[in-house]
Amino acid sequence: MNFENYNFKNKRAIVRVDFNVPLDNNGVITDDTRIKMAIPTITKIINDGGSVILMSHLGRPDNEPNPKFSLQQILPNLEALLNQKVIFCDDCISEKAVRTTSKLKSGDVVLLENLRFYKEEKLGNKDFAMKLSKHGDVFINDAFGTAHRAHASTAIIADFFPNDKMFGFLIENEIKSVDKVLNSQNYPLTAIVGGAKVSSKITIILKLLEKVDHLIIGGGMAYTFIKAQNGSIGKSLVEDEFLKLALEILDEAKKQNVQLHLPIDSLCSKEFSNDSETYLRPIFSIPDNEMGLDIGSETIKIFSDVITNSSLILWNGPMGVFEMSNFQKGTISVANAIVKATKNNAFSLVGGGDSVAAINLFNLANKVSHVSTGGGAMLEYLEGKELPGIKSIKNS
Ligand code: AMP
């Protein structure tokens, strides 16, 4: 069923959105990208003359109501973006909430309280999903960030709408963009993988080797590859239990004809701090009392060169501790190289919480082809897994 062509006149649409936004200690939203990206779907339903019931999770409450994780905190932001009042229900399945959503007028928007105040949400409980389904005549999944979870609101609820379920604009776009990378015949295809740990990205690295021409590995995870080749990495991040696998990946890259690029130099420091002095070191000889916190200047040149000469680019994970200004340069440079390639008609897909945070921090989000809202979901989709939130809609 196609969202764009569906007429929502006099329909109540229950929409699973991903409003799991970062909040500071005062409950103020620090990045509202996810809310902004849900707006076109909500607006389309309102413009058709329908009403909208929004449901989401926020953070990790312990399966019980907790004001720290209340979605009420995002209400002012949502109202400002929609330019209209939004009705808030302080519980997602209470009789009061069902009463509220049963008498909505055309154009009304309701926000339900955090789904994860109930343990049944993550358990994918059928009864809980049924109670949620009472709010709407039609179900829209527009939460790509949780599409890889078989939760009550992301997958199970779809069973209660056998003929009236569909993706919203956001998920449709996400799928289109990832499919473009998966199915494109445009080469060279370069994947840039960074972030803290090899362990969390191992499956995707192995999958990418089957697909890409260049694989760039930066960030904390690179040091495991350097140590595996007998480099001295000082106090840098390392996962000793992955040393053997790192060597196997290097081997596999050769077999698959993939050019694997690791850093050749590193910006180091004695402390994990923005205030201590920095030293540029060859990556294989970092002194024992230092740790690598960003890629070095020579590496930046090599990585940028590979990226600007690519036609398809996939980026997941920062090149260093970009949260500290002294160790941002590697990540900024990679982002700029991606922007440059995009200007030259490359298709660039940026996904994964921290690369998205980085690209937003540098104000470059609108200069790449697509910024994915789903880190884990995007990776699992790229790995070729069937995501429960997508499967439940497609199985009509
Ligand atoms: P991930 O969630 O695995 O993508 O990792 C992102 C985190 O990795 C960010 O918070 C970065 O600060 C961190 N990171 C990147 N490079 C390094 C490094 N060289 N040493 C320690 N942490 C790093």
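Residues numbered from 1 in each chain as written. Predicted model: local features only at pLDDT ≥ 70, side-chain atom pairs only at ≥ 80, totals over all residues. Heavy atoms only, no water.

A. The sheet that holds strand E5 (residues 138-141), seen in detail. Taking strand neighbours across the sheet as the criterion, the six strands line up as E3-E4-E2-E1-E5-E6 in an open arrangement whose pairing is parallel. Two strands bound the open sheet, and with one partner strand each, they are strand E3 (87-89) and strand E6 (165-167). Neighbouring strand axes in the sheet, compared pairwise and without regard to direction, differ in orientation by 25° on average. Of the strand pairs in this sheet, strand E2 (residues 51-55) and strand E4 (residues 109-112) are connected by three bridges, and their pairing is parallel. In the sheet register, leucine 54 faces E4, and the bridge partner there is leucine 111. Sitting on the sheet, helix H3 (residues 95-102) touches strand E1 (12-16), E2, E3 and E4, and the angle it makes with E3 is about 155°. (Pairing = 2+ DSSP bridges. Helix = DSSP H or I, 4+ residues; strand = E, 2+ residues; numbered from the N terminus. Axes fitted to C-alpha atoms, helices over the stretch in contact; angles between N-to-C directions. Contact = heavy atoms within 4.5 Å.)

B. Main features of the site of the ligand. Neighbouring residues of the ligand: 15 residues in total, closest Ala196, Lys201, Gly292, Glu323 and Asp354. Within the backbone of glycine 292, one N or O atom sits 3.0 Å away from a nitrogen atom of the ligand. Out of a free accessible area of 510 Å², the ligand has 80% covered by protein chains. Looking at side-chain class alone, the shell around the ligand contains six nonpolar, five polar and four charged residues. (Near = heavy atom within 4 Å. Polar contact = N/O pair within 3.5 Å; in protein donor to acceptor, adjacent residues only side chain to side chain. Areas by Shrake-Rupley, 256 points an atom, 1.4 Å probe, with all protein chains shown as cover. Nonpolar A, V, L, I, M, F, W, Y, C, P; charged D, E, K, R; others polar.)

C. Up close: the domain arrangement of the protein chain. Once the domains are mapped, the protein chain shows domain 1 (12-167) and domain 2 (174-382). Computed over C-alpha atoms, the centres of domain 1 and domain 2 are 34 Å apart. Contacts between the two partners involve nine residues from domain 1, matched on the other side by 11 residues from domain 2. Of the roughly 840 Å² buried between domain 1 and domain 2, counting both surfaces, carbon and sulfur atoms make up 70%. If you sort the residues of domain 1 by the area they bury against domain 2, Met37, Phe144 and His148 come out on top, with a joint share of 66%. Counting the contacts that link domain 1 with domain 2 gives zero salt bridges. At the surface where domain 1 touches domain 2, the tally comes to three residue pairs in polar contact (both at pLDDT 80 or more). Top element by residues in the side of domain 1 that touches domain 2 is helix H1 (residues 33-48). It accounts for three residues. (Domains from an automatic or database assignment. Buried area = accessible area lost by both parts, 1.4 Å probe. Salt bridge = Lys/Arg side-chain N within 4 Å of Asp/Glu carboxyl O.)

D. Spatial organisation of the packing of helix H10 (residues 297-308) against helix H11 (residues 329-343). Taken N-terminus to C-terminus, the directions of H10 and H11 make an angle of 20°; their axes are 8 Å apart at the nearest point. Classified by the angle their axes make, H10 and H11 are roughly parallel. Judged by the sense of rotation from one axis to the other, the crossing of H10 with H11 is right-handed. Contacts between H10 and H11 involve Ile300, Ser304, Ile307 and Thr308 from the former and Lys329, Gly330, Ser333, Val334, Ala337, Ile338, Lys340 and Ala341 from the latter. Here the residues of the contact of H10 with H11 sort into six nonpolar, four polar and two charged. (Parallel < 35°, antiparallel > 145°, perpendicular 65-115°, else oblique. Left-handed = near helix turned anticlockwise from the far one by under 90°.)

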